[in-house]
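Results of the structural survey
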Amino acid sequence: MSDEELLKKVREIIYENMEMAEEDDSPRYHYTRPAPDRYPYQFFWDTCFHVFILVAIDEVEMAKKHIHSLLRLQEEDGFIGHMIYWDRLKPGRWADIFQSKLSYKNFFKSHMSSLIQPPLIAQAVSRIVNASGDLEFLEQVLPKLKRYYNWLAENRDFEGDHLLSIISPFESGMDWKPTFDVPLNFKGKANNLLYMKVIWVDFRNFLNNYNLKKIYKKNYFLVKEVGLNTIYAQNLESLGELCEKVDDRDAQVYYKRAKKVSDSIVDILYDKEDKAFYDVYGKENKKIKILTPTIFYPVVLSGISEEIKKQVIDKHLVQADEFNSSYPLPSVALNSSAFNPKESIYIWRGPTWIVHNWFLHQYLKNNGYEELAGKLTSSIKELIEKSGFREYYNPLTGEGYGAQDFTWAGLVIDMMNNEERSNSNLN
């Protein structure tokens, strides 16, 4: 498949999966489904991924509509749920009922879940503004962005260490990530017992009506997840930059907050001996020493020393075979007891997901790992050529699994554009 054909196919899938209200409908919405049937709702971080894809294919106006839609049901205090039910009010799974506060209105009115997802929206807005120069759009959404990130700081930094805690595995965006087995007191290959343990977490949060003070006190499931906190730090930095563009004096507030988060990522999540960033759980911040691609995520942060970044990349990505699969990056190290490269309802436990390649690509490309960055891009192209646009892929064989016509593979266009810009700068 040529680059032109790939671009055309990405555009087709984005348009085929798009949902929008009619002109006179209320509430108004406009978003892209990650997959036509399996994921029909508007998801928080999926919408942000779609913004990156839309900007990459020169659909900036469409990207703006996606952001407006994501912000439309924002609560007065700033909260935005990880899943928005517009005119599709029936949950995708029976257990999804436990991810929202109990309300009879949920059965007939558009509403959000009570969970969060990795807070990628400031970078998504930044990508739109940088591509369009539209400061009017920025001024429309900036107050809402500030309320959202202020809500996160005020409500999910339970211990005042500047790191956000998740209260459900589903808040990470990496639902069945093997690190969560530890706080759930589960060992071995994923099975029905793990399923019930995860649903039990959401059920208990539901019984507490998502009262965060009660949930923290009871300590059912409290995890400071590396990926989410890295994205949080990145986006606080982006929010500061957005404030500067319109002379908003709060820019320094978010820059300072970003630095504090980065410092805490090193102080609390970094393991000097293992040279890896680990998720931690509980009020004691116990490290979960399981290798997944998020051990690399903080290398993208400007506030972390180059020495630490090099140690992490060299030890676990360059020199070791932990993630050296035919089609990188596997979602858990190849030598992990949890590794399962095949299709399963227990996702993020072995197969390759596009987002890891996309997330690390720009850092690798710009910091002396050009060959490795190129491999991450070419691997995605090969996977699409071999198996189409799938939710995830076997990291050993390239076989595609999960939902079909899944949009995330379109992030490869953003990676290709980044490589083109880097090459242009070199010339």
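Residues numbered from 1 in each chain as written. Predicted model: local features only at pLDDT ≥ 70, side-chain atom pairs only at ≥ 80, totals over all residues. Heavy atoms only, no water.

Threshold: UniProt positions are given in the numbering used here, feature names are shortened, and annotations may be inferred rather than shown by experiment.
With an unreviewed UniProt entry as reference, the protein chain is termed Trehalase-like protein, source organism Christiangramia oceanisediminis. Word for word, the UniProt comment on the protein chain under Sequence similarities (unreviewed entry) is "Belongs to the glycosyl hydrolase 63 family."

Some thoughts on the packing of helix 2 (residues 44-56) against helix 4 (residues 121-132)
To describe two helices that pack against each other, one gives the angle between their axes and the distance between the axes. To keep things clear, this is the line we draw: Axis lines are fitted to C-alpha atoms, over the contacting stretch for helices. Their N-to-C directions set the angle, which ranges from 0 to 180 degrees. Strands are runs of DSSP state E lasting at least two residues, helices are runs of H or I lasting at least four, and both sets are numbered from the N terminus onward. Should an angle fall under 35 degrees it is taken as roughly parallel, and over 145 as roughly antiparallel, whereas 65 to 115 is taken as roughly perpendicular and any remaining angle as oblique. In this scheme the crossing of two helices becomes right-handed for a clockwise turn of the near helix relative to the far one and left-handed for an anticlockwise turn of less than a right angle. Working rule for contacts: check all heavy atoms of both residues, and any pair within 4.5 Å makes them a contact. Side-chain classes follow a simple rule in which Ala, Val, Leu, Ile, Met, Phe, Trp, Tyr, Cys and Pro form the nonpolar group, Asp, Glu, Lys and Arg form the charged group, and the remainder, Gly included, forms the polar group.
At their nearest, the axes of helix 2 and helix 4 sit 9 Å apart, and the two run at 20° to each other. Of the possible angle classes, the one that applies to helix 2 and helix 4 is roughly parallel. Like other packed secondary-structure pairs, helix 2 and helix 4 cross with a definite hand, here left-handed. Residues F44, C48, V51, F52 and V55 of helix 2 pack against I121, Q123, A124, R127, I128 and A131 of helix 4. Taken together, the residues of the contact of helix 2 with helix 4 sort by class into 9 nonpolar, 1 polar and 1 charged.

Some details on helix 6 (residues 192-207)
Put simply, the rule is: Multiplying 1.5 Å by the residue count of a helix minus one yields the expected span of that helix. Relative accessibility decides the category of a residue: with a 1.4 Å probe and only protein chains considered, values under 20% of the type maximum give buried, values over 50% give exposed, and everything between is partly exposed. This arc describes the spread of directions from the helix axis toward the C-beta atoms. Pairs of N or O atoms within 3.5 Å make up the polar contacts considered here, provided that, within protein, one atom can donate a hydrogen while the other can accept it, and that residues adjacent in sequence are counted only when both atoms are side-chain atoms.
Compared with an ideal rise of 1.5 Å per residue, which puts 16 residues at 22 Å, helix 6 spans 22 Å between its outermost C-alpha atoms and is within 8% of the ideal. Where helix 6 is concerned, the buried positions are L194, Y195, V198, I199, V201, D202, N205 and F206. The buried residues of helix 6 all sit within an arc of 140° when viewed along its axis, so they share a single face. Summarising the geometry of helix 6, the exposed residues directed more than 90 degrees from the buried face are N192 and L207. Tucked into the core, helix 6 has its buried residues touching helix 7 (212-218). A distance of 3.0 Å separates the backbone nitrogen of L193 from a side-chain oxygen at the start of helix 6, and that oxygen is part of N191. At the exit of helix 6 stands N209, carrying a positive phi of roughly 55°.

Looking at the pairing of strand 12 (residues 400-404)
In regular strands, side chains alternate between the two faces of the sheet. The condition is simple: At least two DSSP bridges between two strands are required for those strands to pair.
Counting buried positions over the 5 residues of strand 12 gives 4, a clear majority of the element. One ladder, built from 3 bridges, connects strand 11 (residues 390-393) with strand 12; its direction is antiparallel. When the sheet's bridge partners are listed, Y393 is paired in strand 12 with G400. Linking strand 11 to strand 12, which pair antiparallel, is a turn of 6 residues; within it G398 sits at a positive phi near 85°.

Section: the nonpolar core
Keep this limit in mind: Residue types Ala, Val, Leu, Ile, Met, Phe, Trp, Tyr and Cys, when buried and joined through side-chain atoms within 4.5 Å, form a set referred to as a nonpolar core.
Counting residues in hydrophobic clusters, the biggest one holds 143 residues, and the most contacted among them are I67, I121, V125, Y149, W358 and L364. If one sorts the elements of this core by residue count, helix 2 sits on top with 10 residues. Other than its neighbours up to four places away in sequence, I67 contacts V51, I121, A124, V125, I128, F137 and V141.

Digging into the state of the cysteines
Condition: When two cysteine sulfur atoms are found within 2.5 Å, that pair is recorded as a disulfide.
Taken as a whole, this structure holds 0 disulfides when the rule is applied. C48 carries a free sulfur, and the closest cysteine sulfur to it, the one in C243, is 17 Å from it.

Quick look at the sheet that holds strand 4 (residues 83-85)
The strands making up a sheet are joined through hydrogen bonds of the backbone, oriented either antiparallel or parallel. An order of 3-4-5 is seen for the 3 strands of this open sheet, with the pairing classed as antiparallel. Edge positions in the sheet fall to strand 3 (42-43) and strand 5 (111-112), since each has one partner strand and no second. Judged from the 2 bridges that link them, strand 3 and strand 4 form a sheet pairing that is antiparallel. Looking across to strand 4, one finds that Q42 is bridged to I84.

What about a negative patch on the surface?
Counted only if it meets this: Patch membership requires over 30% relative accessible area and the absence of a salt bridge. Like charges are linked within 9 Å, and nonpolar side chains (Val, Leu, Ile, Met, Phe, Trp, Tyr) within 5 Å. Under the convention used here, a 1.4 Å probe and the Shrake-Rupley method define accessible areas, while residue burial counts only the protein chains that appear. By definition, a salt bridge exists where a carboxyl oxygen of Asp or Glu is found within 4 Å of a side-chain nitrogen of Lys or Arg. Charged residues are defined narrowly, with Lys and Arg counted positive, Asp and Glu counted negative, and His plus the chain ends left uncounted. The atom standing in for a charge is NZ when the residue is Lys, CZ when it is Arg, CG when it is Asp and CD when it is Glu.
On the surface, a cluster of negative charge is contributed by E75, E76, D77 and E154. Along the chain, E76 turns up in the loop between helix 3 (60-71) and strand 4. Residue class for E76 comes out exposed when judged on its relative accessible area of 73%.

Thoughts on the environment of P178
Along the polypeptide, P178 turns up in the loop between helix 5 (135-155) and helix 6. Sequence spacing of P178 and Y392 is 214 residues, and the spatial spacing of their C-alpha atoms is 16 Å. Those residues within four positions of P178 in sequence are excluded, and the remaining contacts are I290, T292, V332, A338, W348 and R349.

Points about the sheet that holds strand 9 (residues 280-281)
As summarised here, the arrangement of the 3 strands in space is 6-9-10, forming an open sheet in which the pairing is antiparallel. Looking along the sheet, the strands with just one partner apiece sit at the ends: strand 6 (223-224) and strand 10 (286-287). The sheet contact formed by strand 6 and strand 9 spans 2 bridges and is antiparallel. Each bridged residue has a counterpart across the sheet, and for K224 the counterpart in strand 9 is V280.

Points about a positive patch on the surface
On the surface, R28, K65, R72, K144 and R147 cluster together to form a positively charged patch. Of note, R72 is situated in the loop between helix 3 and strand 4.

Description of the pattern of salt bridges
Applying the stated criterion to the full structure yields 21 salt bridges. With a shortest N-O distance of 2.9 Å, E61 and K64 are connected by a salt bridge. Residue E61 and its partner K64 are located together in helix 3, separated by 3 residues, close to a single helical turn. Exposure remark for K64: the relative accessible area of 8% places this residue in the buried category.

Observations regarding the side chain of N205
By the element assignment, N205 lies in helix 6. What makes N205 buried here is its relative accessible area of 1%. Here N205 is in contact with I167, S168, Y210, I215 and Y220, once residues within four sequence places are set aside.

Topic: the packing of helix 2 against helix 3
For the pair helix 2 and helix 3, the least separation of the axes is 8 Å and the interaxial angle reads 165°. Here helix 3 runs roughly antiparallel to helix 2, going by the angle between their axes. Like other packed secondary-structure pairs, helix 2 and helix 3 cross with a definite hand, here left-handed. Residues F44, T47, C48, H50, V51, L54 and V55 of helix 2 form the contact with helix 3, whose participating residues are V60, M62, A63, H66, I67 and L70. Residues of the contact of helix 2 with helix 3, tallied by class, amount to 10 nonpolar, 3 polar and no charged.

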